[in-house]
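Overview (structure and organization)
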Amino acid sequence: MAIIKSGKVVIVLAGRHAGKKAVVVKTFDDGNSDKRYAHCLIAGIARNPRKVTRSMSKAKVEKRSKVMKPFIKYVNVRHVFPTRYVVDLDVKKVIDEADLVDPEKKTDVKKNLKKLFEDRYLNQKEVTSEKKAAGSAYFFQKLRF
């Protein structure tokens, strides 16, 4: 799929995380020996950060943003909805496909992913391009529908 590339923000349409936003880590257009269909590895937010207002203290803002809970999953390409937004998170460096097989290593990967998401959420203004800043802001907002 030419549209679904790494870094693209997608919305999961089916399964446990339906209605949640995620970032594409890697795509498998032709499938592989395990999954013969086109699929992609996504990393997303299962639980969004809580609402923050300007009057809140820094400590309270940090506490409310630590609520974030990530997920990592292989999903059929037909079960994700690509958006126009792109995020420049270094998710590929954090996620190694070999670690996703072992449950203990997968929890470590999720912890590192949570740290990465929290750092980006708290430092959204330090994004280089305007387009990727908009994607980052969209990714961390709760989906309203």
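For the structure given in this document, a descriptive report is provided here. (Residues numbered from 1 in each chain as written. Predicted model: local features only at pLDDT ≥ 70, side-chain atom pairs only at ≥ 80, totals over all residues. Heavy atoms only, no water.)

A separate point is the overall build of the chain. The helix and strand tally for the chain stands at four helices and five strands. Listing each helix as α and each strand as β along the chain from the N terminus yields β-β-β-α-β-β-α-α-α. Seen along its three principal axes, the alpha-carbon backbone of the chain occupies a region of about 55 × 35 × 30 Å. Counting every position in the chain, which comprises 145 residues, the buried fraction comes to 37%. Of all intrachain contacts in the chain linking residues separated by at least 6 positions in sequence, the fraction that spans at least 24 positions is 65%. In the form shown here, the chain has an accessible surface area of approximately 9400 Å², with 48% of it arising from carbon and sulfur atoms. Positive and negative side-chain charges of the chain, numbering 35 and 16 respectively, have mean locations separated by a distance of 10 Å. (Helix = DSSP H or I, 4+ residues; strand = E, 2+ residues; numbered from the N terminus. Buried < 20%, exposed > 50% of the residue type's maximum accessible area, 1.4 Å probe, protein only. Contact = heavy atoms within 4.5 Å. Areas by Shrake-Rupley, 256 points an atom, 1.4 Å probe, with all protein chains shown as cover. Lys, Arg positive; Asp, Glu negative; His and termini not counted. Charge placed at Lys NZ, Arg CZ, Asp CG, Glu CD.)

A few words now on helix α3 (residues 103–122). Taking 1.5 Å of rise per residue, 20 residues should cover 28 Å, and α3 covers 29 Å from first to last C-alpha, within 8% of that figure. Packed against the buried residues of α3 are β3 (39–47), α1 (58–65), β4 (69–76), α2 (91–94) and α4 (130–140). (Expected span 1.5 Å × (residues − 1).)

The geometry of two aromatic rings is summed up by the distance between their centres and the angle between their planes. Inspection of the entire model under this criterion finds six aromatic pairs. Each ring, one from Tyr-85 and one from Tyr-138, has its centre 4.3 Å from the other, and the planes form 20°; the classification is stacked. Taken together, the positions of Tyr-85 in strand β5 (residues 80–86) and Tyr-138 in helix α4 put the pair 53 residues apart, joining distant regions of the chain. Across the pair, exposure class does not vary: Tyr-85 and Tyr-138 are buried alike. Centroid distance Phe-117 to Phe-140: 6.3 Å. Interplanar angle 80°. Geometry classified as edge-to-face. (Phe/Tyr/Trp six-rings, centres within 6.5 Å; stacked < 30°, edge-to-face > 60°.)

With that settled, consider the pattern of salt bridges. Under the counting rule described, the total for this entry stands at four salt bridges. One salt bridge connects Asp-88 with Arg-120, and the closest N-O pair in it is separated by 3.0 Å. Placement of Asp-88 in the loop between β5 and α2 and of Arg-120 in helix α3 is noted, with a sequence separation of 32 residues between them. On the basis of relative accessibility, which here comes to 17%, the residue Arg-120 falls in the buried class. The salt bridge involving Lys-93 is made with Asp-90; its shortest N-O contact spans 4.0 Å. (Salt bridge = Lys/Arg side-chain N within 4 Å of Asp/Glu carboxyl O.)

Attention now goes to the layout of surface pockets. To find leftover empty space, a probe the size of one water molecule is rolled over the atoms. Approximately 730 Å³ is the volume found for the largest pocket. Contributing elements (two or more residues each) for the lining of the largest pocket: α1, α3 and α4. Of the residues in the lining of the largest pocket, the class split is eight nonpolar, five polar and eight charged. What the second largest pocket holds in volume is close to 160 Å³. Lining the second largest pocket are Arg-16, His-17, Ala-46, Lys-69, Pro-70, Phe-71, Ile-72, Lys-73, Lys-106 and Lys-110. For the lining of the second largest pocket, the elements supplying multiple residues, two or more each, are β4 and α3. (1 Å grid on protein atoms, 1.4 Å probe; cavity = no way out; pocket = protein on both sides within 12 Å on 5 of 7 lines; lining within 4 Å. Points joined across faces, edges and corners; volume = space filled by probe spheres on them. Nonpolar A, V, L, I, M, F, W, Y, C, P; charged D, E, K, R; others polar.)

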